[in-house]
Amino acid sequence: MTIRAVFFDIGGVLLRTEDRLPRQRWEQRLGLEPGGLAKLVFENPVAQRSTIGGAAESDVWQEVDRSLSLTPEQLASLRGDFFAGDRWDTDLLDLIRNLRPGIRTGVISNTWLGSRDVMAAWITPETFDTVVFSAEEKCRKPEEKIYRIALGRLGVDPEETMFFDDFPENVEAARRIGIQAVLFPGSQPTIQMLHKLFPSAGSH
């Protein structure tokens with residue numbers, strides 16, 4: 001069946017932590033194991049509630065502070081450093097933009113409450129036909145409901161849809177309902193795959 005729509009995850013796909021040194025410095029300072037800071041931030045119970053709209057980002061960081069007992073100044077510094085190594089994939093975003101209007105494009109992402117405003121400069125109507133954020137929908141990947149919402153927004157069937165995500169469980173959940181989901185292989189392989197599937201992309 002012809003692909004009519006392509007969806008993308010954000011964290012780990014469109015936005016990736018390319019420089020891990022800022023987080024590693026904090027891990028050493030706090031006596032955390034490698035990767036422990038990301039686990040503390042993203043997997044704490046308040047962060048999980050925020051991904052379904054139950055807590056603000058400020059609440060997430062208060063929960064982090066509850067575990068670390070930092071001063072307000074240290075917590076503010078940690079918040080800034082935590083995301084300092086993140087980079088948007090501008091090459092991939094440019095290609096996605098150029099898939100339109102022939103191919104419909106969208107985002108399916110587990111995000112904290114308030115992420116739409118934070119990401120507004122990158123996740124734009126010029127690039128994506130629809131953006132499905134878990135915090136706004138009160139459901140998250142790998143729940144079937146969030147994929148159904150995304151499909152409905154673009155009016156496409158699962159078999160007409162591709163989806164790129166960096167978590168195997170999210171890819172498997174999408175495949176179970178018929179979406180042609182791909183475990184994100186990296187930026188350049190993804191760009192090459194999309195160019196092969198849609199030769200006119202980038203020719204605008």
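The following paragraphs examine the structure supplied in this document. These figures come from a predicted structure and were not determined experimentally. (Residues numbered from 1 in each chain as written. Predicted model: local features only at pLDDT ≥ 70, side-chain atom pairs only at ≥ 80, totals over all residues. Heavy atoms only, no water.)

Going from Arg 100 to Pro 101, the amide bond is cis rather than trans, its omega being 5 degrees. Mapping Pro 101 onto the fold places it in the loop between helix H6 (90–99) and strand S4 (104–109). Backbone torsion omega between Lys 141 and Pro 142 reads 10 degrees, so that peptide bond is classified as cis. The backbone phi angle of Ser 69 is positive, close to 55 degrees, even though this residue is not glycine. Assignment of secondary structure puts Ser 69 in the loop between helix H4 (57–68) and helix H5 (72–82). The phi dihedral of Lys 138 is positive, around 65 degrees, even though this residue is not glycine. (Helix = DSSP H or I, 4+ residues; strand = E, 2+ residues; numbered from the N terminus.)

So, on to helix H9 (residues 144–154). Of the positions making up H9, those classed as buried are Ile 146, Tyr 147, Ile 149, Ala 150, Leu 151 and Leu 154. In the stretch just after H9, Gly 155 is the one whose phi turns positive, near 65 degrees. (Buried < 20%, exposed > 50% of the residue type's maximum accessible area, 1.4 Å probe, protein only.)

Let us look at the nonpolar core. By size, the foremost hydrophobic cluster in this structure holds 27 residues, and its most contacted members are Val 6, Phe 8, Ile 10, Leu 14, Leu 92, Ile 123 and Phe 128. Elements with a contribution of two residues or more to this core: strand S1 (5–8), H6, strand S5 (130–133), strand S6 (161–165) and helix H11 (187–197). Contact partners of Phe 8, with chain neighbours within four places excluded, come to Val 13, Leu 14, Leu 92, Ile 96, Gly 106, Val 107, Ile 108, Phe 128, Phe 163, Phe 164 and Leu 194. One finds Ala 5, Phe 7, Val 171 and Ala 174 within the second-largest nonpolar core, a separate group that totals 19 residues. (Core = buried A, V, L, I, M, F, W, Y, C linked by side-chain atoms within 4.5 Å. Contact = heavy atoms within 4.5 Å.)

In the structure shown here, the tally under the stated rule is 10 aromatic pairs. Both rings, one in Trp 88 and one in Trp 122, keep their centres 5.6 Å apart while their planes meet at 10 degrees; by these two values the pair is stacked. Separated by 34 residues along the polypeptide, Trp 88 in strand S3 (residues 86–88) and Trp 122 in the loop between helix H7 (115–118) and S5 bring together distant segments of the chain. Relative accessible area serves as the criterion here: at 35%, Trp 122 is assigned to the partly exposed category. An aromatic cluster of at least three residues, connected via ring pairs, comprises Phe 42, Trp 61, Phe 82, Phe 83 and Trp 112. Between the NZ or CZ atom of Arg 23 and the centre of the ring of Phe 82, over which it lies, the distance is 3.8 Å. (Phe/Tyr/Trp six-rings, centres within 6.5 Å; stacked < 30°, edge-to-face > 60°. Lys NZ or Arg CZ within 6 Å of the ring centre and 35° of its normal.)

Time to look at the layout of surface pockets. Put simply, the largest pocket is a space of about 1,300 Å³. Around the largest pocket, the lining comprises 42 residues; the ones closest to its centre are Gly 11, Gly 12, Phe 42, Asn 110 and Phe 167. Listing elements by their share of the lining of the largest pocket, those giving two or more residues are strand S2 (15–17), helix H1 (21–30), helix H2 (36–42), helix H3 (45–50), S3, H7 and helix H10 (168–176). Of the residues contributing to the lining of the largest pocket, the split by class is 15 nonpolar, 13 polar and 14 charged. (1 Å grid on protein atoms, 1.4 Å probe; cavity = no way out; pocket = protein on both sides within 12 Å on 5 of 7 lines; lining within 4 Å. Points joined across faces, edges and corners; volume = space filled by probe spheres on them. Nonpolar A, V, L, I, M, F, W, Y, C, P; charged D, E, K, R; others polar.)

Taking 1.5 Å as the rise per residue, H4 with 12 residues should run 16 Å; its terminal C-alpha atoms sit 17 Å apart, in good agreement. Taken as a whole, H4 has its buried residues at Val 60, Trp 61, Glu 63, Val 64 and Leu 68. Along H4, the residues classed as buried sweep out an arc of 150 degrees about the axis, all on the same side. For H4, exposure combined with an orientation more than 90 degrees from the buried face picks out Gln 62 and Arg 66. (Expected span 1.5 Å × (residues − 1). Arc of directions from axis to C-beta.)

Moving on: the pairing of S1. Burial along S1 is two-sided: Ala 5 and Phe 7 facing one way and Val 6 and Phe 8 facing the other are all buried. Here S1 runs beside S4; their pairing, made up of 4 bridges, is parallel. Residue pairing for S4: Phe 7 is matched across the bridge by Gly 106. Pairing of S1 with S6, which is carried by 4 bridges, proceeds in the parallel orientation. Paired with Ala 5 across the two strands is Thr 161, which belongs to S6. (Pairing = 2+ DSSP bridges.)

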